[in-house]
Amino acid sequence: MLIPIHKEMTREALSGRVSPRALEIIIAANCKQDALSGQIGHDEFHFDNNAIDEGHRYINEQRGFILAALLSPGVLSAWVAFGRLTHTVQDFYSHTNYVSMWLDRHSAPPPPEIDPVIKDLLESPSLHSGKLYMPMDWLYFVPFLRKLSLALLPSDSHAKMNLDSPAQGLKFEYARAAAVKRTIYEFELLEKILTPEMFSKFVDL
């Protein structure tokens, strides 16, 4: 999703759950994943190019970094790891066909009703993400070349599959709702797996 949307979603999900200083560091780390260094050679950061397994491994790796960081005297690196994690889980819903598969099972309920962690959808062999066809996918981001790019790109391209902004239509609202709920889910998962002392250190309230 676009950086301003990542900021909005993360703030919506975590405001009041962590301290203001923790929240700002988490948001900064989330958005840093979209820097150029995070875009090239890091499909796992964004679930691009069908990097489904790699993306899930990356999420688990960040959970491990959070745990390791909280076993040390500091807490900053735990917030940074959680920021990276939140970016990846949020992109899962805008870069894969999870939303489409979920909607295929339902009669278009309101977006807030989407369940972001349906096990058989998360593990479905039909789950896939958009592929980056260069250089045409880059042209998609140039406004006056967007129509040309879309006309030439296949249906499984990132340009045609992404739900990164409201411009992609109604499905964006489902992707956004799922991303916010998944961010809260990941926070609540930390509460379950961390000791009370470690969780208190993490939330910094």
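All residue numbers refer to positions counted from 1 along the written sequence of the respective chain. Reporting in this predicted model follows two pLDDT cut-offs: at least 70 for local features of residues, and 80 or more for side-chain atom pairs to be given and counted; totals over whole chains, interfaces and linings ignore these cut-offs and use all residues. With hydrogens and water set aside, each side-chain value is computed from the structure's full complement of heavy atoms.

**Structural notes on the overall build of the protein chain**
We apply this condition: Secondary structure elements are taken from DSSP: a helix is a run of H or I of four residues or more, a strand is a run of E of two residues or more, and numbering for both begins at the N terminus. Here the globule rule is a power law, 2.2 Å times the number of residues to the power 0.38, and the radius of gyration is based on C-alpha atoms. Each residue is placed in one exposure class: buried if its accessible area under a 1.4 Å probe, protein chains only, is under 20% of its type's maximum, exposed if it is over 50%, and partly exposed if it falls in between. Residues count as neighbours in contact if any of their non-hydrogen atoms are within 4.5 Å of one another. Here the accessible surface of atoms and residues is derived via Shrake-Rupley with a 1.4 Å probe, and residues count as covered only by protein chains that are part of the display. In this charge count, Lys and Arg are treated as positive and Asp and Glu as negative; neither His nor the chain ends contribute. For this purpose, a charge sits on NZ of Lys, CZ of Arg, CG of Asp or CD of Glu.
Secondary structure summary: the protein chain contains 13 helices and zero strands in total. Counting from the amino terminus, helix and strand elements in the protein chain follow one another as α-α-α-α-α-α-α-α-α-α-α-α-α. Relative to the 2.2 N^0.38 estimate, which gives 17 Å for 205 residues, the radius of gyration of the protein chain is 17 Å and therefore close to what a compact globule would have. Expressed along its principal axes, the backbone C-alpha trace of the protein chain runs to roughly 55 × 40 × 30 Å. Considering the protein chain as a whole, with its 205 residues, one finds that 49% of them fall into the buried category. Counting contacts in the protein chain only where the partners sit at least 6 residues apart, residues at least 24 apart contribute 67% of the total. When the accessible area of the protein chain is evaluated, it comes to approximately 9900 Å², of which 61% is carbon and sulfur surface. Counting 20 positive and 25 negative side-chain charges, the protein chain places the averaged centre of each group 2 Å from the other.

**Examining helix α6 (residues 76–95)**
Keep this limit in mind: In this scheme, a helix's expected span is set at 1.5 Å multiplied by one less than its residue total.
Along its 20 residues, α6 runs 29 Å from first to last C-alpha, staying within 8% of the 28 Å computed at 1.5 Å per residue. The element α6 is extensively covered by neighbouring structure, given that 16 of its 20 residues are classed as buried.

**Looking at the packing of aromatic side chains**
Just so we agree on the cut-off: Note on ring pairs: Phe, Tyr and Trp rings are taken, using the six-membered ring of Trp, and paired if centres are within 6.5 Å. Classes follow the plane angle, with under 30 degrees stacked, over 60 edge-to-face and the rest tilted.
Under the criterion given, the structure shown has eight aromatic pairs. Plain terms: the ring middles of tryptophan 102 and tyrosine 174 are 6.2 Å apart, the flat faces sit at 45° to each other, and that makes the pair tilted. Taken together, the positions of tryptophan 102 in helix α7 (residues 98–104) and tyrosine 174 in helix α12 (residues 171–193) put the pair 72 residues apart, joining distant regions of the chain. Just as tryptophan 102 is buried, tyrosine 174 falls in that class too.

**What about the environment of tryptophan 79?**
Relative to the helices and strands, tryptophan 79 is located in helix α6. Residue classification places tryptophan 79 among the buried residues on the basis of a relative accessible area of 2%. The spatial distance from the C-alpha of tryptophan 79 to the C-alpha of phenylalanine 65 is 9.8 Å, given a sequence separation of 14 residues. With residues near it in sequence (within four places) discarded, tryptophan 79 still touches Arg21, Ala22, Ile25, Ile26, Lys201, Phe202 and Asp204.

Interpretation in functional terms is not warranted from these geometric data alone.
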